[in-house]
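Given next are the chains, with one letter for each unit.
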Amino acid sequence: MAGKAVRTAITEVGTLLARPWAFIVFGLYTVAWLALDRSSLGWHGVATLATWAMTLFIQRAEHRDTQAIHAKLDELLRTAGREKLTTLDEEEPEEIEDRRERDRGDDAQAS
């Protein structure tokens, strides 16, 4: 039970970090660092900020791609009338991966 709560929390944090306000927080943090303690912003500080910025950019790109895929799948489900597939949204990522592996195995055996 605790594992599911942790997975849900991690998913929520990832979604929050993909929002534009995360970049605003990053910018404010950088400005505050420069204003309050410029002398400590050496190569290590710059590397820290660069890593944080790249993490936010990657998270944002992944979130955008995921939302696009979900929108396409939603449209396919609407046009195909496949109501039973809509319950996949309620499953955990690991459960979905297991289902996909089983389906791939079934497809390979049918060929």
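The rules behind these values
- Residues numbered from 1 in each chain as written.
- Predicted model: local features only at pLDDT ≥ 70, side-chain atom pairs only at ≥ 80, totals over all residues.
- Heavy atoms only, no water.
- Helix = DSSP H or I, 4+ residues; strand = E, 2+ residues; numbered from the N terminus.
- Expected span 1.5 Å × (residues − 1).
- Buried < 20%, exposed > 50% of the residue type's maximum accessible area, 1.4 Å probe, protein only.
- Arc of directions from axis to C-beta.
- Contact = heavy atoms within 4.5 Å.
- Core = buried A, V, L, I, M, F, W, Y, C linked by side-chain atoms within 4.5 Å.

Re helix 2 (residues 20-36)
The terminal C-alpha atoms of helix 2 lie 25 Å apart, and with 17 residues this matches the ideal 24 Å at 1.5 Å per residue to within 8%. For helix 2, the full list of buried residues reads Ala 22, Phe 26, Thr 30 and Trp 33. The arc that holds the buried residues of helix 2, viewed along the axis, is 80°, so those residues lie on one side. Exposed side chains of helix 2 directed beyond 90 degrees from the buried face belong to Ile 24, Leu 28, Val 31, Ala 35 and Leu 36. Check the buried side of helix 2 and you find it contacts helix 1 (2-17) and helix 3 (43-80).

So, the nonpolar core
Listed in full, the six residues of the largest apolar core are Ala 22, Phe 26, Trp 33, Leu 49, Ala 53 and Leu 56. When contributions to this core are tallied by element, the ones reaching two or more residues are helix 2 and helix 3. Not counting chain neighbours up to four residues away, the residues in contact with Trp 33 comprise Arg 38, Ser 40, Leu 41, Gly 45 and Leu 49.

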